[in-house]
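The residues making up each chain are set out below.
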Amino acid sequence: MRIILPKTRSLHRQAAIALFRALLSQCRALPIDETLRGQLQNVVRHRFRANRSLQGTRRIQLSFEAGYTAIDLLDEAVAGDVESTGRIQDYLERVPDYMKRAPKPKPLPVKELPHPTALFEPPPEKKFLNVFPRKHVEGIRKVPNFVNASQLPFLRWKKPQPENVSRVIRDLYKQRIKRLDYVHQLQDYYIPLAQYEEDWDMHLKREFGAVEGSRDREGWVKPMKEVAWDIERTVKEKDEKSQVLMGEFLDIVKREKELAGEEKEDRKRKAKERRAANKRDALLVVESGTKERERAGA
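Now for a description of the structure that goes with this document. Everything numeric in this text was worked out from a predicted model, so none of it was measured.

Attention now goes to the pairing of strand β1 (residues 145-148). Here four bridges tie β1 to strand β2 (residues 153-156), and the two strands are oriented antiparallel to one another. Residue pairing in the sheet places N145 in a bridge with R156 of β2. Adjacent in sequence and paired antiparallel, β1 and β2 are bridged by four residues, among which S150 carries a positive phi angle near 55°.

Structure below.
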């Protein structure tokens, strides 16, 4: 039977949090000394922390009823009722000192650092392209999976994926998006704006002759188009290298699959040979037993 803790239910949590906030709010509004108000708020915090893991329906009901009774008492004290204020002060005198102090904060979970091999780049002799395809493996060969992440091909061989691989993929992807966005900005905004500047310079030149500061040699558009062409050329070169790398990775996967198939057939052949050898040994044992019985009968 599955047990569902009340603190994991949304309705229970909403009711408890609403009661907790109402109690703290009324504690702050009490017409008493500020130190006593802070102590009363700490008592509320300790009570809620102690009852956080309650499971019995009856115990939870009693806790909520006690909270609502406290709310009524606080409301009367805030409204100016002297008797209610005195009851609250008498209660604070009877409360243990540790409950009047602020509860210690819950320690944050310690995040485990990844293994060093998942952070740093491996040496050249252990890099993927220098190791795969593997000539021999211990046990059953696991074929790597080819992944194409937005024109960034790579092979996923094991989980968890090394952090340095994820970091490189993220950086390359952000770099590619940044270049393409810059080209679009040049084509959609800056180059048309530069064209307007050239048109304005030509208009001034026709009206007033040469204008100081105007770009008669190159103009405004050509430099920006050259920047856009350079970035597009860089992106194209990167994509071509990715295509080459993609072909290498696909060849690795193909060769790994072939080797995995060969090793599987080899395991089947060896298993068949073992079964045949075991069968021969069993027949020899049976024949030996039969001969022994025949000699004994003779």
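This paragraph deals with the layout of surface pockets. Taken as a whole, the second largest pocket holds about 1100 Å³ of empty space. When contributions to the lining of the second largest pocket are tallied by element, the ones reaching two or more residues are α1 (10-28), α2 (34-50), α3 (57-78) and α4 (82-94). Grouping the amino acids of the lining of the second largest pocket by side-chain chemistry returns 22 nonpolar, four polar and nine charged.

In this section: α2. Across its 17 residues, α2 extends 25 Å between first and last C-alpha, which sits within 8% of the 24 Å expected from 1.5 Å per residue. For α2, every residue scored as buried is listed here: L40, Q41, N42, V43, V44 and H46. Buried residues along α2 sit against α1, α3, α4 and α5 (97-100). The distance from a side-chain oxygen at the start of α2 to the backbone nitrogen of T35 is 3.0 Å, and the residue carrying that oxygen is D33.

Tracing the chain through its elements places E263 in helix α8 (residues 221-297). The spacing of E263 and R141 is 122 residues in sequence and 8.0 Å in space, taken between C-alpha atoms. When near neighbours in sequence (up to four residues on either side) are disregarded, E263 contacts V137 and R141.

A separate point is the environment of K100. Of note, K100 is situated in helix α5. Separated by 58 residues in sequence, K100 and N42 have C-alpha atoms that sit 5.4 Å apart. When neighbours within four sequence positions are excluded, K100 is seen to be in contact with Q39, N42, L92, E93 and V95.

The rules behind these values
- Residues numbered from 1 in each chain as written.
- Predicted model: local features only at pLDDT ≥ 70, side-chain atom pairs only at ≥ 80, totals over all residues.
- Heavy atoms only, no water.
- Pairing = 2+ DSSP bridges.
- Helix = DSSP H or I, 4+ residues; strand = E, 2+ residues; numbered from the N terminus.
- 1 Å grid on protein atoms, 1.4 Å probe; cavity = no way out; pocket = protein on both sides within 12 Å on 5 of 7 lines; lining within 4 Å.
- Points joined across faces, edges and corners; volume = space filled by probe spheres on them.
- Nonpolar A, V, L, I, M, F, W, Y, C, P; charged D, E, K, R; others polar.
- Expected span 1.5 Å × (residues − 1).
- Buried < 20%, exposed > 50% of the residue type's maximum accessible area, 1.4 Å probe, protein only.
- Contact = heavy atoms within 4.5 Å.
- Polar contact = N/O pair within 3.5 Å; in protein donor to acceptor, adjacent residues only side chain to side chain.

Geometry only, nothing functional implied.
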